[in-house]
Amino acid sequence: MKFAVSREDLLKPLQLVTGVVERRQTMPVLSNLCLVVSGKKLLMTGTDLEVQLVAELELQSPAEQDGEITVPARKLMDIWRALPDSAQVSFSVDEQRATLKSGRSRFQLATLPAAEFPALEEGTADADFTLSQAQLRQLISKTSFSMAQQDVRYFLNGMLLELAPAHIRSVATDGHRLAMCTLTPGPGAGPERQVIVPRKGVLELARLIADGDDPVALSLGTHHLSAKVGGFSFTTKLIDGRFPDYEKVVPQGNTEVLEADRKMLREAFQRAAILSNEKYRGVRLVLSPENLTIQANNPEQEEAEESMPVSYQGPALEIGFNVSYLLEVLSTLEADEVSVRVSDANSSALLEDKGSSEASYVVMPMRL
């Protein structure tokens, strides 16, 4: 196996594929990347048995010798990053040692046979659809921050992807807040599907896509989600579980509506949060006609209070929230004005961009 490639051509694909590889592995070969070269085509594969990413690269000149091998992912990435810009690199394998040469630099890496490298079995796809990169990024960025982390309710450690003829929707919740993004029209004809994409699969897919209109071809199987974008093929296992009935969580009877400048509201929360309890992060919202007062205090008896004008005509109301949840929502919303729907001190709040329900956020109240 012997081929030549420039540092720049391989740097970004190598960074993305290495990102899939976990630092601690039960199988030594899973710490490696699998390299396969044939003619002018180079394939790089990284996997942790849950997520797999394959990068396909067109070499500028055909390989001197075709072949396949696995090499340590992190070491190869560190070497590649440390090489000077525009460096040309020769890669060869001899007697199970990989040799990289560039200018006066020479590196030898241990290898493992490619035959030991596992591949994810994708199975047959029963739903194929296409989104633009911008659409897929929107579905992920609007909801992924609400995914749970290492929750015993394993089905919350991911993002629900719902396909229906009229819409495609992403939903994430950790039990304290819920985020939902709906794009219309949907993927078109076909049965309605709900799958749970695991947290790592969501985050790695987000790293892979840009903001452009280039298409992303997606395939859903019984146990896998696959995506093809540019020269990359991405596969992730799905979480086998039942996602909560999110529609029951979205409040329908919140009749009291507060409308405010999103930037001003976010900055007021940021200032009040400085003196909130570091563990519980609670703030009290005191609503009265045309005014919102935000109060925070901590065990050191320190207090913060922010008042700002808002559009609100409902009755006087006091309600507590985790300020971190509110700040994440206000940072994700995009309109100049935000709408906050509430009903009483014990009910969830519904936050949306004013005049748009494309992205909706539910935040549970907390007792202060």
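Residues numbered from 1 in each chain as written. Predicted model: local features only at pLDDT ≥ 70, side-chain atom pairs only at ≥ 80, totals over all residues. Heavy atoms only, no water.

Caption draft 1: Local environment of the layout of surface pockets. For the largest pocket, the calculated volume is near 350 Å³. If you go around the largest pocket, you meet 17 residues; those closest to its centre are Gln194, Val195, Gly241, Arg242 and Phe243. Top element by residues in the lining of the largest pocket is strand S13 (residues 193–198). It accounts for three residues. Considered class by class, the residues forming the lining of the largest pocket number eight nonpolar, four polar and five charged. (1 Å grid on protein atoms, 1.4 Å probe; cavity = no way out; pocket = protein on both sides within 12 Å on 5 of 7 lines; lining within 4 Å. Points joined across faces, edges and corners; volume = space filled by probe spheres on them. Helix = DSSP H or I, 4+ residues; strand = E, 2+ residues; numbered from the N terminus. Nonpolar A, V, L, I, M, F, W, Y, C, P; charged D, E, K, R; others polar.)

Caption draft 2: Quick look at the nonpolar core. The biggest cluster of nonpolar side chains holds 66 residues, and the ones touching the most others in it are Phe3, Trp80 and Phe91. Looking at this core, the element that brings in the most residues is helix H1 (residues 7–20), giving six residues. Each residue touching Trp80, except ones within four places of it in the same chain, is listed here: Val5, Ser6, Arg7, Leu10, Leu11, Leu14, Val89 and Leu100. Counting 37 residues, the second largest nonpolar core, distinct from the first, contains Val283, Leu287, Met308 and Tyr361. (Core = buried A, V, L, I, M, F, W, Y, C linked by side-chain atoms within 4.5 Å. Buried < 20%, exposed > 50% of the residue type's maximum accessible area, 1.4 Å probe, protein only. Contact = heavy atoms within 4.5 Å.)

Caption draft 3: Up close: the sheet that holds strand S15 (residues 224–229). An order of S5-S2-S3-S4-S16-S15-S14-S9 is seen for the eight strands of this open sheet, with the pairing classed as antiparallel. In the strand order of this sheet, the two ends are held by strand S5 (67–72) and strand S9 (125–132), each with one partner. Strand after strand, the sheet turns through a mean of 15° between neighbouring axes, direction not considered. Sheet topology places strand S14 (residues 215–221) next to S15; four bridges connect them, and they run antiparallel. Each bridged residue has a counterpart across the sheet, and for Ser219 the counterpart in S15 is Ser226. (Pairing = 2+ DSSP bridges. Axes fitted to C-alpha atoms, helices over the stretch in contact; angles between N-to-C directions.)

Caption draft 4: Region of the structure containing the packing of helix H3 (residues 133–141) against helix H4 (residues 199–208). Orientation of H3 relative to H4, taken along the N-to-C sense of each, is 140°, at an axis distance of 10 Å. Judged by the inter-axis angle, H3 sits oblique to H4. Considering only the axes of H3 and H4, their crossing is left-handed. For the pair H3 and H4, the contacting residues are Leu136, Arg137 and Ile140 in the first and Val202, Leu205 and Ala206 in the second. (Parallel < 35°, antiparallel > 145°, perpendicular 65-115°, else oblique. Left-handed = near helix turned anticlockwise from the far one by under 90°.)

Caption draft 5: Structural detail: the packing of aromatic side chains. Considering all chains together, one arrives at three aromatic pairs under this definition. Between Phe3 and Phe91, the aromatic rings sit 5.1 Å apart at their centres with planes inclined by 25°, giving stacked as the arrangement. Of the two residues, Phe3 sits in strand S1 (residues 2–6) while Phe91 sits in strand S6 (residues 88–94), which places them 88 residues apart along the sequence. Per residue, the accessibility class of Phe3 equals that of Phe91, and both read buried. (Phe/Tyr/Trp six-rings, centres within 6.5 Å; stacked < 30°, edge-to-face > 60°.)

Caption draft 6: Looking closely at the pattern of salt bridges. Under the criterion given, the structure shown has 17 salt bridges. With its nearest N and O atoms 2.5 Å apart, the salt bridge here joins Arg193 to Asp126. Residue Arg193 is located in strand S13, and its partner Asp126 is located in strand S9; the two are separated by 67 residues in the primary sequence. Judged by relative accessible area, Arg193 falls into the buried class, the value being 16%. (Salt bridge = Lys/Arg side-chain N within 4 Å of Asp/Glu carboxyl O.)

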